[in-house]
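# Architecture and fold: a report
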Amino acid sequence: MNDVVAVIGAGTMGAGIAQVALEAGDVVRLYDIDAAARERGHARIAEGLARRAAKLELDAHAIDDWIAGRLARLATVGALEAAVDGAELVIEAALEDLPVKRELFSRLDGAAPPDTILATNTSALRVGDVAAATSRPENVIGLHFFNPAPLMALVEVIATPATAASIVERASDIVRRWGKTPVRSTDSPGFIVNRVNRPFTLEALRMLETGAGTIEEIDAAVVAAGFPMGPFALMDLVGIDINLAAARGVFEGFGGGAVPEAARFLPSPIQERLVAAGRLGRKAGVGFYRYGANGRPDGPAEEFVPLGRHIEGPRLDPADIAGRIVTAIVAEAGRAQADGVASAADIDLAMKLGAGHPWGPFEWVARATILE
């Protein structure tokens, strides 16, 4: 029997999660208060299913049937109560705004069946702070999907101290049935990936600030070390504003300016100034790189970077650039393990699947090549 899954929020992430559930055979109700957002979400899902179907070894008629069969199990709804009626799982994929999420979960608490799993897709907020808006925090869990959800294999499963073990197991089983890899994390700032991967961009930005390397030099050094993309290209792809928001979330989660230890997560002034200027990356046509009409990078846009271009400092060679970034990631992974966030094996797996690293941080140590 197929599960009923309610997805709350019809944006890019909500539509992606809905597509994953549909491909696994579940019935999906996609909720959004905005009718236009519901229409866009439905269109995104249809386009995503079409892309997936095109990769299957099917003839044209069979492809049409494959897509139609999955869309037949999708309903877009504008009433929260109708969305969650009889749902095994509710996944909230709304804005990264705690008051918004708490208001939604308060409503879900009154509308969803008693045994429904209530999940938030937050990437930066504490799940426990969201769960506190309900009368059943034992049913609340974090399921952090990575974008694009249909393609990314990792899902961080975040249990609060109040989350029931049975809810963790049920949610993990659903994630596996959807073809994803669940990795468990405690409810701590940044969870695994957004915490351990912060040095990937922050160390690169610090090197740019001090003149240790240019945008292109740092990106090239990181790619040469085996990463699929350099930190500046990645920030442009994700959105410099999105990356900055994640950095702020982790920084504040560790106490912000009131806690000296949080200083290692302090966002870079380069990011702050680029965001203030609207230079957000690919979606804006310019970030750390310029982008042509075809969406491809057309050289670095260093004149828009207020720090780093004309600073004279000791230059680093490519191996030292990559080594500095990897060393900082390894150090943060060690802290996360010591804090009980996750095991070394799960941290390694999460960083490979969620951040695209060629090796996990503890595997880097075992290899002991780039760190020499």
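The structure contained in this document is the topic of the report that follows. (Residues numbered from 1 in each chain as written. Predicted model: local features only at pLDDT ≥ 70, side-chain atom pairs only at ≥ 80, totals over all residues. Heavy atoms only, no water.)

## Overview of the overall build of the chain
Put simply, the test is: The helix and strand labels rest on DSSP assignments: H or I over at least four residues marks a helix, E over at least two residues marks a strand, and numbering proceeds from the N terminus. The globule rule used for comparison is 2.2 Å times the number of residues to the exponent 0.38, while the radius of gyration itself is calculated over C-alpha atoms. Exposure is judged per residue with a 1.4 Å probe applied to protein chains only, and the accessible area is read against the type maximum: over 50% gives exposed, under 20% gives buried, and values in between give partly exposed. To measure how exposed things are, a 1.4 Å probe is used in the Shrake-Rupley method; for residues, cover is taken only from the protein chains shown. Only four residue types enter the charge count: Lys and Arg as positive, Asp and Glu as negative, with His and the chain ends excluded. By convention, the charge on Lys lies at NZ, on Arg at CZ, on Asp at CG and on Glu at CD.
Regarding its fold elements, the chain presents 16 helices and 10 strands. Computed over C-alpha atoms, the radius of gyration of the chain comes to 21 Å, within 12% of the 21 Å expected from 2.2 N^0.38 for 372 residues, which places it in the range of a compact globule. Taken along its principal axes, the extent of the C-alpha atoms in the chain is 65 × 50 × 40 Å. With 372 residues in all, the chain has 50% of them scored as buried. When the accessible surface of the chain is totalled, it reaches about 15700 Å², and 55% of it is carbon and sulfur. Measuring between centres, the 36 positive side-chain charges of the chain sit 1 Å from its 48 negative side-chain charges.

## As for the pairing of strand S7 (residues 154-159)
Let me state the cut-off plainly: Each pair of strands is called paired provided DSSP finds at least two bridges between the two strands. Looking down the strands as they point away from you, a crossover is right-handed if its path from the first strand over the helix to the second goes clockwise.
Among the six residues in S7, five count as buried, and that is most of the element. Across six bridges, S7 lies against strand S8 (residues 181-186) in parallel orientation. Within S8, the residue paired with Val-155 across the bridge is Pro-182. In this view, the connection linking S7 to its parallel neighbour S8 by way of helix H7 (residues 165-177) has right-handed handedness.

## Details of unusual backbone geometry
Following Asn-147, the chain continues into Pro-148 via a peptide bond in cis, with omega recorded as 0°. The residue Pro-148 is located in the loop between strand S6 (140-145) and S7 in this model. If you check the backbone angles, Phe-191 has positive phi at about 55° while not being a glycine. Classification of Phe-191 as buried rests on a relative accessible area of 1%.

## Things to note about the sheet that holds strand S2 (residues 27-31)
Definition in use: Only the stretch in contact is used when fitting a helix axis, every axis being a line fitted to C-alpha atoms; angles between N-to-C directions are given from 0 to 180 degrees. Contact definition: two residues touch when any of their heavy atoms are within 4.5 Å.
Spatially, eight strands are ordered S3-S2-S1-S4-S5-S6-S7-S8 in an open sheet, and the strand pairing comes out mixed. Taken across any chain shown, the strands that pair with only one partner, and hence form the sheet edges, are strand S3 (74-77) and S8. Strand after strand, the sheet turns through a mean of 25° between neighbouring axes, direction not considered. Of the pairings in the sheet, the one linking strand S1 (residues 4-8) to strand S4 (residues 89-92) comprises four bridges and is parallel in character. When the sheet's bridge partners are listed, Ala-6 is paired in S4 with Val-90. Lying over the sheet, helix H15 (residues 344-355) contacts S7 and S8, oriented at roughly 125° with respect to S8.

## Considerations on the packing of helix H10 (residues 215-224) against helix H14 (residues 318-338)
The criterion, for reference: To sort the angles, those under 35 degrees are grouped as roughly parallel, those over 145 as roughly antiparallel, those from 65 to 115 as roughly perpendicular, and the leftovers as oblique. Charged residues are taken to be Asp, Glu, Lys and Arg, nonpolar residues to be Ala, Val, Leu, Ile, Met, Phe, Trp, Tyr, Cys and Pro, and polar residues to be all remaining types, Gly included.
At a minimum axis distance of 8 Å, the contact between H10 and H14 shows a crossing angle of 75°. Here H14 runs roughly perpendicular to H10, going by the angle between their axes. Along its contact with H10, which presents Glu-217, Ile-218, Ala-221 and Val-222, the element H14 presents Pro-318, Ile-321, Ala-322 and Ile-325. Residue classes in the contact of H10 with H14 are distributed as seven nonpolar, no polar and one charged.

## Here we look at helix H11 (residues 231-238)
Along H11, the residues classified as buried are Pro-231, Phe-232, Ala-233, Met-235 and Asp-236. Buried positions along H11 lie against helix H9 (198-210), H10, helix H12 (240-253), helix H13 (269-276) and strand S9 (289-291). Looking one or two residues past H11, Gly-239 carries a phi angle of roughly 110°, positive in sign.

## Comments concerning the pairing of S2
With respect to burial, S2 is a largely interior element, four of its five residues being buried. Note that S1 and S2 share five bridges and pair parallel. Looking at the pairing, Ile-8 lines up with Tyr-31 of S2. Following the backbone out of S1, through helix H1 (residues 12-23) and into the adjacent parallel S2, one traces a crossover that is right-handed. By the bridge criterion, four bridges tie S2 to S3 in an arrangement that is parallel. Bridge pairing links Arg-29 to Ala-75 in S3.

## Quick look at a nonpolar patch on the surface
This is how the line gets drawn: Two distance rules govern patches: like charges are joined within 9 Å, and nonpolar side chains (Val, Leu, Ile, Met, Phe, Trp, Tyr) within 5 Å, applied only to residues with over 30% relative accessible area and no salt bridge. Salt bridges are identified by distance alone: a Lys or Arg side-chain nitrogen within 4 Å of an Asp or Glu carboxyl oxygen.
A contiguous nonpolar surface patch, about 250 Å² in accessible area, is contributed by Leu-237, Val-238 and Ile-242. Topologically, Ile-242 is positioned in helix H12.

It is worth stressing that arrangement in space is one thing and function is another; only the former is reported here.
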